[in-house]
Amino acid sequence: MRIEELKPSKRVQGRWLAVLEDGSVLRVGEGEVIDFALYAGKELADGEAQGLVAAARRSGLKEKALDLLTRNPMSRKELERKLQEWEAGEEETASICARMEELGFLNDGEYGAMLVRDLCRRGYGPRRIRQYLREKLLDLPDIEQAMEAYVLQPEKMQAYIETKLRGQTPDRKALKRVADGLFRRGFSWDEIQHALRDYSLNMEDVL
């Protein structure tokens, strides 16, 4: 198969377009241009053409994975699932994930800690945070490591309580609604009791 034209892509830096004699266009990276010594007019043997197509496919998958991770950090298993959706094989998936880890774009420990810090700021408790980390397909050791970044923020609980009670002296039903809401956010009953007790003390100071 003959390469009729080889030109750089106008849309993606580092990508080249190889126009083949049958009119099809093969998108390749700079690595493939160098490794296969590509140039306009080159005749590709069958085996070489197949190797180039496979290499271009892997390069395209790496490019998509890198673009995805720079926009939306995720766990290794999440990326593996995404690559499988893109019909990557097991070896391709393992190779791409390993490369992303080498480049520092994929790190389950750092990713988990980032999620924990963010959820703490948003006022979630440890139980709900652990559940969220499991939903992100993090392994148990990574979850335990990430939870080291958890810091209880009582002011977030107080803000939630004040929003729900609006400075009123609550009855038993109102307290139960607030307690259930905090429990759904992942706080333990002990933490909830302390927070409600602090709210009551603050109300007494105001009154």
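Keep in mind it's a predicted model, so treat the numbers as computed, not measured.

Thresholds applied
- Per chain, the residues get numbers from 1 upward, laid out in the order the sequence is written.
- Confidence filtering applies because this is a predicted model: local features only for residues at pLDDT of at least 70, side-chain atom pairs given and counted only at 80 or more, and all residues used for totals across whole chains, interfaces and linings.
- Computation of side-chain values covers all heavy atoms of the structure but excludes hydrogens and water.
- Working definition: helices are DSSP H or I runs of at least four residues, strands are E runs of at least two. Numbering for both runs from the N terminus.
- With C-alpha atoms as the basis for the radius of gyration, the globule rule is written as 2.2 Å multiplied by the number of residues raised to the power 0.38.
- Here, strands pair whenever DSSP counts at least two bridges between them.
- The span you would expect from a helix comes to 1.5 Å times its residue count less one.
- Relative accessibility decides the category of a residue: with a 1.4 Å probe and only protein chains considered, values under 20% of the type maximum give buried, values over 50% give exposed, and everything between is partly exposed.
- Any two residues whose heavy atoms approach within 4.5 Å at even a single point are treated as in contact.
- The way it works is a 1 Å grid over only the protein atoms, where trapped points that fit a 1.4 Å probe form a cavity and open points with protein on both sides within 12 Å along at least five of seven lines form a pocket, and then any residue with an atom within 4 Å of a point lines it.
- Grid points are joined across faces, edges and corners, and a volume is the space filled by probe spheres set on the points.
- Polarity classes work like this: nonpolar for Ala, Val, Leu, Ile, Met, Phe, Trp, Tyr, Cys and Pro, charged for Asp, Glu, Lys and Arg, and polar for all others, with Gly in that last group.

Student: Can you help me understand the overall build of the protein chain in this one?
Tutor: Within the protein chain, the regular secondary structure consists of 10 helices and 3 strands. For the protein chain, the succession of helices and strands along the chain, N to C, is β-β-β-α-α-α-α-α-α-α-α-α-α. In terms of overall dimensions, the protein chain is more spread out than a globule: its C-alpha atoms have a radius of gyration of 27 Å, far above the 17 Å expected for 207 residues. Dimensions of the protein chain, computed from the C-alpha atoms along their principal axes, are close to 90 × 35 × 25 Å.

Student: Looking at this model, I keep getting lost on the pairing of strand 3 (residues 25–29). Mind explaining?
Tutor: Across 5 bridges, strand 2 (residues 15–20) lies against strand 3 in antiparallel orientation. When the sheet's bridge partners are listed, Leu17 is paired in strand 3 with Arg27. Hairpin connection of strand 2 to strand 3: 4 residues between the antiparallel strands, including Gly23 at a positive phi of 95°.

Student: What exactly am I supposed to notice about helix 2 (residues 46–71) here?
Tutor: Since the α-helix packs 3.6 residues into each turn, any two residues three or four apart lie on the same face. Here helix 2 contains 26 residues, and its C-alpha end-to-end distance of 38 Å stays within 8% of the 38 Å for a straight helix at 1.5 Å per residue. Taken as a whole, helix 2 has its buried residues at Ala49, Leu52, Ala55, Ala56, Leu61, Ala65, Leu68 and Leu69. The inward-facing, buried residues of helix 2 contact strand 3, helix 1 (30–35), helix 3 (76–85) and helix 4 (90–103).

Student: Help me understand the layout of surface pockets, please; the structure alone is not making it clear to me.
Tutor: Empty space among the atoms becomes apparent when a probe as large as a water molecule is rolled across them. One number sums up the size of the largest pocket: a volume of about 420 Å³. If you trace the largest pocket, you find 18 residues lining it, with Gly29, Ser59, Gly60, Lys62 and Glu63 closest to the centre. Listing elements by their share of the lining of the largest pocket, those giving two or more residues are strand 3, helix 1, helix 2 and helix 4. The element that contributes the greatest number of residues to the lining of the largest pocket is helix 2, accounting for 7 residues. Approximately 170 Å³ is the volume found for the second largest pocket. When residues of the lining of the second largest pocket are traced back to their parent elements, those giving at least two are helix 8 (154–165) and helix 9 (172–184). Split by residue class, the lining of the second largest pocket holds 5 nonpolar, 2 polar and 3 charged.

Remember that the coordinates give geometry; whether it matters functionally is a separate question.
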